[in-house]
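So you can see what is in the structure, the chains are spelled out below.
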Amino acid sequence: MHQTKINVICFLMLELKTGQFYGVTNQTLQLQALIITDTEYTIPVVDWHYHENAYFTFIIQGNVIEGNKKEVYHCTSGDLLFHNWQEAHYNIKPKGFTRGFQIELKQHWFDQYDISSDIMEGSSNIKHPFAKLEMYRIFATTKQDENPSEAAIDSLLISLLSAASGYTTKKVVDKPLWVNRLRQLLNDEPESHLFSLKELANVAGVHPVHISRSFPIYFNNTLSDYLRQLKIQRALALMSNPIHTLSSIAASCGFADQSHFIRIFKQYQQMSPLSYKKLISRC
């Protein structure tokens, strides 16, 4: 009886076809095996549904709550989610303007690069700052050029998947417990860049030398690079709100001054912060 009830619910659940998202679509870009959409979320509550293709959702502006069979994500600007194909979920949009950037991946996209479509199962809240920076680069690419290079987007997307597939909120049994403790501190504490190596080691419960030697194994970056990526990622999220000036963003994200912020931003994003602020205002 219980199984029959589940089957009825799944049968009644709405499937969204390629390119379909709830809300107002500002832009749709159709490439050979990718569909990219820029969507304003306008519906307060979206009931359980699933999508025909695997896809990423990147919150550009605002807030949204998204639930799936295992977790509930309270998303803000800069959060990156992945749903494999036909993964059921629902959405709740708080008051205010919310905008999402979606990339759907057809099965052909995975096949042409010999990548398993199950590289990330189910739904994931992707935390790795490098993966998020790659998504920001894809977003900027689609806004800078009316006919962006598909090869460039594919390259960024493969890089994003490489970082994200080994670094999601799912538990990984072969990683020591200190890795998850340190990862949570770095990603969830806005001023984690201010912690000394000894303080990070105390939180992780291991020797500072062990963190220094082992960090690249589990985070795919040196600690210094990872912290810089976190600062840029947090700066990008703040830049979606026009009330924040570049100087205030630089200060709140731990840069020495505005010129230092601009230099590091250009190094990672290949454009100036001001240019990015102009891009994000485009629909």
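Refer to the structure presented above.
A.B. asks: So what about helix α5 (residues 177-188)? Which residues, and what values?
C.D. replies: In this model α5 runs 17 Å from its N-terminal to its C-terminal C-alpha over 12 residues, within 8% of the 16 Å that 1.5 Å per residue would give. What α5 keeps buried is the set Trp-178, Val-179, Leu-182, Arg-183, Leu-185, Leu-186 and Asn-187. Those residues of α5 that are buried lie in contact with α3 (129-144), α6 (197-204), α7 (208-219) and α8 (223-238).

A.B. asks: How would you sum up the packing of aromatic side chains? Please name residues and give values.
C.D. replies: For the structure shown, the criterion picks out 16 aromatic pairs. With centroids separated by 5.0 Å and ring planes inclined at 65°, the aromatic side chains of Trp-48 and Tyr-90 adopt a geometry described as edge-to-face. Of this pair, Trp-48 sits in strand β4 (residues 45-51) while Tyr-90 sits in strand β9 (residues 89-92), placing them 42 residues apart in sequence. Taking the relative accessible area as the measure of exposure, Trp-48 reaches 34% and is therefore partly exposed. Within the aromatic cluster, the residues linked to one another by ring pairs are Phe-58, Phe-101, Tyr-136, Phe-139, Phe-255, Phe-261, Phe-265 and Tyr-276.

A.B. asks: An account of the environment of Ala-256 is requested, with residue identities and associated values reported.
C.D. replies: With respect to the helices and strands, Ala-256 occurs in the loop between α9 (246-252) and α10 (258-269). Among the residues examined, Ala-256 registers a relative accessible area of 67% and is labelled exposed. Taking the C-alpha atoms as reference, Ala-256 lies 34 Å from Ser-124; in sequence the two are 132 residues apart.

A.B. asks: Would you mind going over empty space enclosed by the protein in detail, with residue names and values included?
C.D. replies: Enumeration over the complete set of coordinates arrives at one cavity of 30 Å³ or more. When its volume is computed, the largest cavity comes out at roughly 190 Å³. Together, 18 residues line the largest cavity, and Phe-21, Tyr-22, Tyr-41, Val-46 and Asn-91 are the ones closest to its centre. Those elements that provide at least two residues to the lining of the largest cavity are β4, β5 (54-61), β6 (63-68) and β9. Of the residues that constitute the lining of the largest cavity, the class distribution is eight nonpolar, eight polar and two charged.

A.B. asks: Lay out the pairing of strand β10 (residues 98-105) in plain terms, naming residues and giving numbers.
C.D. replies: Along β10, eight of the eight residues are buried, which leaves the element largely enclosed by surrounding structure. The alternating pattern of β10 places Thr-98, Gly-100, Gln-102 and Glu-104 and Arg-99, Phe-101, Ile-103 and Leu-105 on opposite faces, both of which are buried. Relative to β10, strand β3 (residues 34-41) runs antiparallel, the two sharing eight bridges. Its bridge partner lying in β10, Asp-38 is registered against Phe-101. Two elements, β5 and β10, share seven bridges in a ladder whose sense is antiparallel. The residue bridging Ile-59 from the neighbouring strand is Gly-100, located in β10.

A.B. asks: Before we move on, could you go through the sheet that holds β5 and cite the residues and values that matter?
C.D. replies: In space, the six strands of this open sheet follow the order β2-β3-β10-β5-β8-β11, with antiparallel pairing throughout. The strands lining the two open edges of the sheet, one partner per strand, are β2 (24-30) and β11 (123-126). The mean inter-strand angle of the sheet, taken between neighbouring strand axes irrespective of direction, is 20°. Its contacts with the sheet place α3 against β2, β3, β5, β8 (80-83), β10 and β11, and it is angled at close to 95° to β10.

A.B. asks: Lay out the sheet that holds β9 with the relevant residues and their values.
C.D. replies: Strands sit in the order β1-β4-β9-β6-β7 across an open sheet of five strands; the sheet is mixed. Each edge of the sheet is formed by a strand with only one pairing partner; in this case those strands are β1 (14-16) and β7 (72-76). Within this sheet the neighbouring strands show an average axis-to-axis angle of 35°, counted without direction. Of the strand pairs in this sheet, β1 and β4 are connected by three bridges, and their pairing is parallel. Paired with Leu-14 across the two strands is His-49, which belongs to β4.

A.B. asks: How would you summarise the pattern of salt bridges if you had to cite specific residues and measurements?
C.D. replies: Tallied over the full model, the rule gives seven salt bridges. Here Lys-143 and Asp-38 are joined by a salt bridge, their closest N and O atoms 2.7 Å apart. Note that Lys-143 is positioned in helix α3 and Asp-38 in strand β3, a separation of 105 residues in sequence. Each of the two residues, Lys-143 as well as Asp-38, counts as buried.

A.B. asks: Could you give an account of the pairing of β8, with specific residues and numbers?
C.D. replies: Across the two faces of β8 the burial is the same, with Leu-80 and Phe-82 and Leu-81 and His-83 all buried. Inspection of the sheet shows β5 paired to β8 by four bridges, in the antiparallel sense. What sits directly across from Thr-57, in β8, is Leu-81. In the sheet, β8 pairs with β11 via four bridges, with the strands oriented antiparallel. Paired with Leu-81 across the two strands is Asn-125, which belongs to β11.

Parameters and conventions
- Residues numbered from 1 in each chain as written.
- Predicted model: local features only at pLDDT ≥ 70, side-chain atom pairs only at ≥ 80, totals over all residues.
- Heavy atoms only, no water.
- Helix = DSSP H or I, 4+ residues; strand = E, 2+ residues; numbered from the N terminus.
- Expected span 1.5 Å × (residues − 1).
- Buried < 20%, exposed > 50% of the residue type's maximum accessible area, 1.4 Å probe, protein only.
- Contact = heavy atoms within 4.5 Å.
- Phe/Tyr/Trp six-rings, centres within 6.5 Å; stacked < 30°, edge-to-face > 60°.
- 1 Å grid on protein atoms, 1.4 Å probe; cavity = no way out; pocket = protein on both sides within 12 Å on 5 of 7 lines; lining within 4 Å.
- Points joined across faces, edges and corners; volume = space filled by probe spheres on them.
- Nonpolar A, V, L, I, M, F, W, Y, C, P; charged D, E, K, R; others polar.
- Pairing = 2+ DSSP bridges.
- Axes fitted to C-alpha atoms, helices over the stretch in contact; angles between N-to-C directions.
- Salt bridge = Lys/Arg side-chain N within 4 Å of Asp/Glu carboxyl O.

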